[in-house]
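Coordinate analysis (summary)
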Amino acid sequence: MELKPARLTFDELFDLVALFFACRGTCDRLRTSTVVRSDENVFIAAGYNGSLPGLPHCDEIGHLMVDNHCMRTNHGEDNAILNCLDLAKLNGGTATIIGNPCYPCARKLIGKKIKRLRYIGVYNNAAGGNLVEGLCKEKAVIMEFVDINEVLASLQKALEFLQGPGGPLKDLPQLSLVLLNRKKEDK
Ligand SMILES: [Zn+2]
Ligand SMILES: [Zn+2]
């Protein structure tokens, strides 16, 4: 039997959802996002960092700095929570975040009983970021770091699956992430 390309795991899938939502982020100090799912891995909501609807973005008029933090945007976590139609569904769920969360955002997610904070890459200027680990411990929340290279590998895996039998990209020439290929050649 022909070997079929592997299907994404839920973690790999939601890492990619978070990555793509960050494509709409409007503050170039960090283009970030958050996606939240239920304890059964059902998508609940996602959000990226941005100004309030209708107001100008950091990318257009610059940052709104207070104490070395940009105040202009709602954080991705804020917008994911605001986009939730039913906050009760966060109970026991997972939040996947681009960059480690600031303390206020972690507090809100954990306040709504998120049980796992999975963050991709590190942001050194997250307000109170060093306090988040302690809060997670106190509330028995799993905190999980994901290297961005793992997410790129998931993207490659997704491309292979989408080009496999029945995939919507199956009739296109074979697509591949150049960076991963270069890495392979280095070996
Ligand atoms: Zn900004
Ligand atoms: Zn935040």
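The shown structure was predicted, so the numbers you read here are calculated from the model rather than taken from an experiment. (Residues numbered from 1 in each chain as written. Chains lettered and ligands numbered in written order. Predicted model: local features only at pLDDT ≥ 70, side-chain atom pairs only at ≥ 80, totals over all residues. Heavy atoms only, no water.)

**Focus: a positive patch on the surface**
A contiguous patch of positive charge on the surface is contributed by Lys112, Lys113, Lys115 and Lys139. Here Lys139 lies in the loop between α5 (132–138) and β7 (142–146). Note on Lys139: relative accessible area 44%, which makes it partly exposed. (Patch = residues over 30% accessible without salt bridge, like charges linked within 9 Å, V, L, I, M, F, W, Y side chains within 5 Å. Areas by Shrake-Rupley, 256 points an atom, 1.4 Å probe, with all protein chains shown as cover. Salt bridge = Lys/Arg side-chain N within 4 Å of Asp/Glu carboxyl O. Lys, Arg positive; Asp, Glu negative; His and termini not counted. Charge placed at Lys NZ, Arg CZ, Asp CG, Glu CD. Helix = DSSP H or I, 4+ residues; strand = E, 2+ residues; numbered from the N terminus. Buried < 20%, exposed > 50% of the residue type's maximum accessible area, 1.4 Å probe, protein only.)

**Considerations on the side chain of Ser154**
In this fold, Ser154 is placed in helix α6 (residues 148–162). With sequence-adjacent residues up to four places away left out, Ser154 is seen in contact with Leu8, Glu12 and Leu16. (Contact = heavy atoms within 4.5 Å.)

**Notes on α6**
At 3.6 residues per turn, the α-helix brings residues three or four places apart onto the same side. The first and last C-alpha atoms of α6 sit 21 Å apart over 15 residues, in line with the 21 Å expected at 1.5 Å per residue. Buried residues of α6: Val151, Ser154, Leu155, Gln156, Ala158 and Leu159, and no others. Here α6 starts with a cap whose side-chain oxygen sits 2.7 Å from the backbone nitrogen of Asn149, and that cap is Asp147. (Expected span 1.5 Å × (residues − 1). Polar contact = N/O pair within 3.5 Å; in protein donor to acceptor, adjacent residues only side chain to side chain.)

**With respect to the packing of helix α1 (residues 10–21) against α6**
Helices that pack against each other are described as a pair by the angle of their axes relative to one another and the distance between those axes. Contact pair α1 / α6: the axes reach a minimum separation of 9 Å and the direction vectors enclose 105°. The angle between α1 and α6 places the two elements in the roughly perpendicular class. Taken together, the residues of α6 that come into contact with α1 (itself represented by Glu12, Asp15, Leu16, Leu19 and Phe20) are Ile148, Val151, Ser154, Leu155, Lys157 and Ala158. Of the residues in the contact of α1 with α6, the class split is 7 nonpolar, 1 polar and 3 charged. (Axes fitted to C-alpha atoms, helices over the stretch in contact; angles between N-to-C directions. Parallel < 35°, antiparallel > 145°, perpendicular 65-115°, else oblique. Nonpolar A, V, L, I, M, F, W, Y, C, P; charged D, E, K, R; others polar.)

**Topic: the coordination of the zinc ion (ligand 2)**
Protein coordination of the zinc ion (ligand 2) is provided by His75 (ND1), Cys102 (SG) and Cys105 (SG), with donor distances spanning 2.0 to 2.3 Å. The class of His75 is partly exposed, set by a relative accessible area of 29%. (Donors = N, O, S within 2.8 Å, 3.2 Å for Na, K, Ca; no water.)

**Some points on helix α4 (residues 103–111)**
Buried within α4 we find Cys105, Ala106, Leu109 and Ile110. Down the axis of α4, the buried side of the element spans an arc of 125°, and every buried residue falls inside it. Directly after α4, the chain includes Lys113, whose backbone phi takes a positive value near 75°. (Arc of directions from axis to C-beta.)

**Here we look at the sheet that holds strand β5 (residues 94–98)**
Overall, mixed pairing links the 5 strands, which are arranged β2-β1-β5-β6-β7 in an open sheet. The open sheet has two edge strands, β2 (43–48) and β7, and neither has a second partner. Each strand of the sheet is rotated relative to its neighbour by a mean of 15°, with strand direction disregarded. Summarising the sheet, strand β6 (residues 116–120) and β7 pair through 5 bridges and their orientation is parallel. Looking at β7, one finds that Ile120 is bridged to Val146. (Pairing = 2+ DSSP bridges.)

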